[in-house]
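Examining the three-dimensional arrangement
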Amino acid sequence: MPEQLTWRASQLPVQADVARENQKVQGARLHIRSSLIWLVAACMLPGILLSAWFIVSDYRQHKAQAIQNAIAIARAATANLDRDLAGTSAALRVLATSSALNNDDLATFYTQALNALPYQAVSNYVLIDEAGRQLLNTLKPWGSPLPTVGGPPQLGRIFDTGEPVLTDVFIGPVTGKPILALGVPVKRGKQTVYSLNAGIFPERIAKVLLSQNLPSHWISAVLDSKGHIVARTHEMDRFVGKPAVPDLIRMSRQSSEGVLETITLEGIPVITAYSRSRVSDWCVAVGIPQAQLTAELKRSLITLLIASMLVFASALWVAWRLAVTRVMQPANELLKRMQAIAQGQEPGPVDVRHTPQEFIMLEHGFADMSKRLREREQERDAKLAAEAANRAKTAFLSRMSHELRTPLNAVLGFTQVLQLDHGDPLTERQRNMIGLIDSAGQHLLSMITDVLDFSRIESGQLRIEFERVDASSLVQECHHMMAAEASQAGLQLIVAVDSPSGAVRADRTRLKQVLLNLLSNALKYTRPGGHVTLSLQRHGSQLRFAVQDTGLGMSPDQLTHLFEPFNRLGRHHSDKPGTGIGLVICKQLLALMSSELQVRSEPDQGSTFWFDLPETP
């Protein structure tokens, strides 16, 4: 707290000077109060921001995990639906081989169908002729009049193709309720004479959804090929047969799986994950209400805000009490003692029990300064006394500043000593723990190396050292390095070199890294008994390096996402290790060497990766 004292030789301070000093003291108190508030806020702000960041990060992780769970549930429900419908189709095919149908004994077949009905989870059996007329319906007694319309037009494809047909949801002509039909052909020779159809109520499809044990607030639905709702876990009677939200219908037709943000038919904002069946062309959608995801985030942020306010108030109160007792009161006492010394009075002893050491040292310094000034007052005139007083004031301010900085410097110094202290070495147990940490870290070294390479390439810090590289020698070296791995995997690794004397200008280490990565991927995704070929051919003025395998191959959809970082093309659940950035690194390394990685692949037919480099003399 800065204070001014005006010394006048052989005179006491005037009353106006004292009043000005008191005003400055009051102003300093206000300044200290506001400074303490800013100090406490500055100390707490990083912790508050860090806590908020952790809360938001945890929310994002929880949201991502919920979406992954929703996708997995949609996949599982789709697979269960396919299995369920496949079982019904198989039962229909068996029933369609009845001798009664072959002899057109429909009355006997009606009895057989009624007897088979309890063993299948279907509502009824309907026999339809090629003209679309219902010949029998187990919902009606034999011989009763039947609707002239046999069912939806989709069932007509049975007579055109001779293959089973699963219809979209429609209103049953007999039941008058939403229903869907699964039909199979009844053949005589190669000719389809009837279609045997099983009616399936949406409630059966809803049981498949409920069997997934969804959280109660999640919403799941099954859509038919037109995007109409077949079954739903919430308000099913209200929405069955109605179109789903347009965005979901559009996205499900564009890709077999995906995630999007939509609003349900009842107006609930959700994050929807969907999976479409490749067998029935149906789609299962699972919606997670966004309010459920954000509720926990809001509660955490409100809790953090309340806790921060309480901690801030407590810290401010503690800081204020410390400032009053350790700074302001000792400073006021010091000011009074200085005024007493200036008036030639004895300030009295210092209460060392409640006065910080720094203020005691300041008071001793002022006492010594006052004694020296009084000894020289008789020998100097007013001017010299005033100059001495000014010099004393300057010395006081300098010393006070120095003494107040000393404790802070000591604290900062002690923290550095604790970090760099070699006089107290680690114990054997601590060294063992560090050794375990180091050992565990080595397990991730290969993946970290890929990530570091990717980061260096992305940041432009990776340098390419061009040199003349013997292509044939490099190919043979890569073959030798991967031969053992191929043998262990039960694969044949073949080398085909058509240009044994060719050379290219490239970074040998990075070119070798690319070839080894391509070979490793080929070996990883090729079944035992297959073969991988590493070839080197002259292609015009360039040399072509190629890696061909007979492995799993990739679909056109997978090829479009092949060079996306950390995308393993749906194989992240397999037992094959990897990070999904190896091919990205290969592509970028080749780009730095003025080349481009090309790929050709077909499912179950294998893949071929190749690139060209200019031949150099």
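Residues numbered from 1 in each chain as written. Predicted model: local features only at pLDDT ≥ 70, side-chain atom pairs only at ≥ 80, totals over all residues. Heavy atoms only, no water.

**Structural notes on empty space enclosed by the protein**
Definition in use: Put plainly, a pocket is an open set of points on a 1 Å grid over the protein atoms alone with protein on both sides within 12 Å along at least five of seven lines, a cavity is a set where a 1.4 Å probe fits but cannot get out, and a lining residue has an atom within 4 Å of a point. Grid points are joined across faces, edges and corners, and a volume is the space filled by probe spheres set on the points. The secondary structure listing takes helices from DSSP runs of H or I that are at least 4 residues long and strands from runs of E that are at least 2 residues long, numbered from the N terminus. Polarity classes work like this: nonpolar for Ala, Val, Leu, Ile, Met, Phe, Trp, Tyr, Cys and Pro, charged for Asp, Glu, Lys and Arg, and polar for all others, with Gly in that last group.
Counted by the stated rule, this structure contains five cavities of 30 Å³ or more. Approximately 190 Å³ is the volume attributed to the largest cavity. As for the largest cavity, its lining consists of 18 residues, of which Ile219, Ala221, Arg232, Leu248 and Thr264 are closest to the centre. Sorting the residues of the lining of the largest cavity by element identifies strand E7 (219-223), strand E8 (229-232), strand E9 (257-263), strand E10 (269-276) and strand E11 (283-289) as the ones contributing at least two each. If one sorts the elements of the lining of the largest cavity by residue count, E7 sits on top with four residues. Of the residues contributing to the lining of the largest cavity, the split by class is twelve nonpolar, five polar and one charged. Lining the second largest cavity we find 20 residues, and of these Asn124, Val126, Phe170, Pro173 and Ile179 sit closest to its centre. Elements with a minimum of two residues in the lining of the second largest cavity: strand E1 (124-129), strand E2 (134-137), strand E5 (178-188) and strand E6 (191-200). Classifying every residue of the lining of the second largest cavity gives eleven nonpolar, nine polar and no charged.

**Overview of the pattern of salt bridges**
Quick reminder of the rule: A pair is scored as a salt bridge if a Lys or Arg side-chain nitrogen falls within 4 Å of a carboxyl oxygen belonging to Asp or Glu. Think of it in three bands: residues with accessible area under 20% of the maximum for their type are buried, residues over 50% are exposed, and the middle band is partly exposed, with areas taken using a 1.4 Å probe on protein chains only.
Evaluation of the coordinates by the stated rule reveals 14 salt bridges. Of the charged contacts in the structure, one is a salt bridge between Arg188 and Asp104, with a shortest N-O distance of 2.2 Å. In this pair, Arg188 is assigned in strand E5 and Asp104 in the loop between helix H2 (99-102) and helix H3 (106-116), connecting sequence segments 84 residues apart. Taking the relative accessible area as the measure of exposure, Asp104 reaches 38% and is therefore partly exposed. The salt bridge involving Asp612 is made with Arg544; its shortest N-O contact spans 2.8 Å.

**Here we look at the sheet that holds strand E13 (residues 492-497)**
The line we're drawing: What makes two strands pair is DSSP finding at least two bridges between them. Between N-to-C directions, angles cover 0 to 180 degrees, with each direction set by a line fitted to C-alpha atoms, over the stretch in contact for helices.
The strand order across the open sheet formed by five strands is E13-E15-E16-E18-E17, and the pairing between neighbours is mixed. Both edges of this open sheet fall to E13 and strand E17 (598-602), since each of them pairs with a single strand only. Averaged over all adjacent pairs, the angle separating strand axes in this sheet is 15°, with direction ignored. Here E13 runs beside strand E15 (residues 531-539); their pairing, made up of six bridges, is parallel. Residue pairing in the sheet places Ile494 in a bridge with Thr533 of E15.

**Points about a nonpolar patch on the surface**
Condition: Candidate patch residues must exceed 30% relative accessible area and have no salt bridge, after which like charges are joined if within 9 Å and Val, Leu, Ile, Met, Phe, Trp or Tyr side chains if within 5 Å. For every accessible area listed, the method is Shrake-Rupley and the probe measures 1.4 Å; residues are considered covered only by the protein chains on display.
On the surface, a nonpolar cluster with roughly 360 Å² of combined accessible area is contributed by Leu50, Trp53 and Phe54. Along the chain, Phe54 falls in helix H1 (residues 15-96).

**Remarks on the nonpolar core**
In summary, soluble globular proteins display a tendency toward joint burial of nonpolar side chains. Stated formally: Note on terminology: a nonpolar core comprises buried Ala, Val, Leu, Ile, Met, Phe, Trp, Tyr and Cys residues joined through side-chain atoms within 4.5 Å. Pairs of residues are marked as contacts when any of their non-hydrogen atoms sit within 4.5 Å.
Counting residues in hydrophobic clusters, the biggest one holds 56 residues, and the most contacted among them are Leu196 and Ile205. Ranked by residues supplied to this core, first place goes to H1 with 14 residues. In contact with Leu196, not counting residues within four places along its chain, are Leu92, Leu95, Ala96, Phe109, Val126, Leu127, Leu182, Gly183, Val184 and Val186. Formed by 41 residues, the second largest nonpolar core is a distinct cluster that contains Leu462, Ala506, Ala522 and Leu543.

**Quick notes on the packing of helix H13 (residues 471-488) against helix H14 (residues 508-524)**
What counts, and what does not: For any helix crossing, the convention is left-handed if the near helix is rotated counterclockwise from the far helix by under a right angle, and right-handed if that rotation is clockwise.
At their nearest, the axes of H13 and H14 sit 10 Å apart, and the two run at 35° to each other. Like other packed secondary-structure pairs, H13 and H14 cross with a definite hand, here right-handed. Along the contact surface, H13 presents Ser473, Leu474, Glu477, Cys478, Met481, Met482, Glu485 and Ala486, while H14 presents Arg508, Leu511, Lys512, Leu515, Leu516, Leu519, Ser520 and Leu523. Within the contact of H13 with H14, the residues separate by chemical class into ten nonpolar, two polar and four charged.

**Considering H14**
Convention followed: A helix is expected to span 1.5 Å for every residue after the first. Counting of polar contacts relies on pairs of N or O atoms within 3.5 Å, with two restrictions inside protein: one atom must be capable of donating a hydrogen and the other of accepting it, and residues adjacent in sequence are counted only when both atoms are side-chain atoms.
Here H14 is 17 residues long and its end C-alpha atoms lie 24 Å apart, about the 24 Å a rise of 1.5 Å per residue gives. Counting buried positions along H14 yields twelve of 17 residues, so the element is predominantly enclosed. Of all the positions in H14, only Arg510, Leu511, Lys512, Val514, Leu515, Leu516, Asn517, Leu518, Leu519, Ala522, Leu523 and Lys524 are classed as buried. Measuring from the side-chain oxygen of the N-cap residue of H14 to the backbone nitrogen of Thr509 gives 3.1 Å; that N-cap residue is Asp507.

**As for the side chain of Ser123**
In this fold, Ser123 is placed in the loop between H3 and E1. If we skip the residues at most four places from it in the chain, Ser123 touches Leu117, Leu139, Ile179, Gly199, Ile200 and Phe201.

**Focus: the packing of aromatic side chains**
Where we set the bar: Pairing of aromatic rings covers Phe, Tyr and the six-membered ring of Trp, with a centre-to-centre limit of 6.5 Å; geometry is then stacked below 30 degrees between planes, edge-to-face above 60, and tilted otherwise.
Here the structure, examined in full by the defined rule, presents two aromatic pairs. Ring centres of Tyr110 and Trp142 lie 5.8 Å apart, and the angle between their planes is 45°; this geometry places the pair in the tilted category. You can see Tyr110 sitting in helix H3 and its partner Trp142 sitting in the loop between E2 and helix H4 (157-161), a full 32 residues away along the chain. Ring geometry for Phe545 against Phe611: centres 5.2 Å apart, planes inclined by 15°, an arrangement best described as stacked. With a gap of 66 residues between them, Phe545 in strand E16 (residues 542-549) and Phe611 in strand E18 (residues 606-614) connect regions that are remote in the sequence. Overall, the relative accessible area of 0% leaves Phe545 in the buried class. Classification of Phe611 as buried rests on a relative accessible area of 1%.

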